[in-house]
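# Structural overview for review
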Amino acid sequence: QAIFEFQTLIANLTGMEVANASHYDGATATAEAGVMAYHNFRGKRSKILVSEAIHPQYHEVLCSYLCGFESISIQSSSSKQDPLAGPDAMIPQIDTDTALVLVQYPDFFGRVFDLSALAQKTHEAGALLAVITNPTALGLLKTPGEFGADIVVGEGQPLGIPLSFGGPYLGFFATRKE
């Protein structure tokens, strides 16, 4: 019963249709989103576009999972003109080789952006949009599902889950049934 209630809570908070119970932490859930997107396209799309405004440890774990594969390219959304640009600055980098666009909401710097345009352009290119989020923030903010996210991941420890002998935390992963 407790697992069902947890999955229902995560699905409702994220605006997704299904949720797991659970990953090791938010960073490994993020890496699994990359794995899922790559396999969703059966290796025919190799680019994972990552926002500079995600937690740096999440980026490192994503790379630990996927950087060794020759057929996968993890690209940063860095902009030499404005390293703190919003997520819409990623739009020109999305192409037909993009499997996943990965952003954080609120981002690592605490900023909240409307992800609607990014989601639209991502889907027009045929790619998936993954959003890393803090579940407590979703009590006040628009859900990633309302923006059109395909995958929502994050760290569930802010919900008050105590550490068990020093770890682990609690990663959640939610997605659309499709």
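Read on for a plain summary of the structure.

## Regarding the pairing of strand β5 (residues 128-133)
- Where burial is concerned, most of β5 is hidden: 6 out of the 6 residues are buried.
- Burial along β5 is two-sided: L128, A130 and I132 facing one way and L129, V131 and T133 facing the other are all buried.
- As paired elements, strand β4 (residues 98-105) and β5 share 6 bridges and run parallel to each other. In the strand pairing of β5, L102 is matched with A130.
- Once the chain exits β4 it traverses helix α4 (residues 116-124) before rejoining the sheet at β5, and the crossover so formed is right-handed.

## Some words on the pairing of strand β2 (residues 47-50)
- Covered by surrounding structure in β2 are K47 and L49 together with I48 and V50, the residues of both alternating faces.
- Here 4 bridges tie β2 to strand β3 (residues 73-76), and the two strands are oriented parallel to one another. Its bridge partner being in β3, I48 is matched across the sheet by I74.
- Handedness of the crossover joining β2 and β3 through helix α3 (residues 56-66): right-handed.
- Across 4 bridges, β2 lies against β4 in parallel orientation. Each residue of the ladder has a partner; that of V50, found in β4, is L102.

## Regarding the packing of aromatic side chains
- If you walk through the whole model with that rule in mind, you get 2 aromatic pairs.
- Consider the rings of Y105 and F147, whose centres lie 5.2 Å apart with planes at 90°: the pair is edge-to-face. Of this pair, Y105 sits in strand β4 while F147 sits in helix α5 (residues 144-147); the two residues are 42 residues apart in sequence, bridging distant segments of the chain. There is no split in this pair, since Y105 and F147 are both buried.
- Between F108 and F109, the aromatic rings sit 5.7 Å apart at their centres with planes inclined by 75°, giving edge-to-face as the arrangement.
- Given a relative accessible area of 38%, F108 falls into the partly exposed group.
- Taking the ring centre of F41 as reference, the NZ or CZ of R45 above it sits at 4.9 Å.

## Some remarks on helix α1 (residues 2-14)
- Look at α1: 18 Å from first C-alpha to last across 13 residues, which is about the 18 Å you get at 1.5 Å a residue.
- Burial in α1 covers these residues: F6, I10, A11, L13 and T14. The arc that holds every buried residue of α1, seen down its axis, measures 170°, which confines them to one face. For α1, the exposed residues set more than 90 degrees away from the buried face come down to F4 and N12.
- In this fold, the buried residues of α1 make contact with β1 (18-19), α5, β6 (151-155) and β7 (171-175).

## Considering the environment of L84
- By secondary structure assignment, the location of L84 is in the loop between β3 and β4.
- Given the relative accessible area of 45%, L84 is considered partly exposed.
- C-alpha of L84 to C-alpha of D150: the two residues are 66 residues apart in sequence and 24 Å apart in space.
- Every residue in contact with L84, bar those within four places of it in the chain, is listed here: F109 and R111.

Calculation criteria
Residues numbered from 1 in each chain as written. Predicted model: local features only at pLDDT ≥ 70, side-chain atom pairs only at ≥ 80, totals over all residues. Heavy atoms only, no water. Buried < 20%, exposed > 50% of the residue type's maximum accessible area, 1.4 Å probe, protein only. Helix = DSSP H or I, 4+ residues; strand = E, 2+ residues; numbered from the N terminus. Pairing = 2+ DSSP bridges. Right-handed = clockwise from strand over helix to strand, strands pointing away. Phe/Tyr/Trp six-rings, centres within 6.5 Å; stacked < 30°, edge-to-face > 60°. Lys NZ or Arg CZ within 6 Å of the ring centre and 35° of its normal. Expected span 1.5 Å × (residues − 1). Arc of directions from axis to C-beta. Contact = heavy atoms within 4.5 Å.

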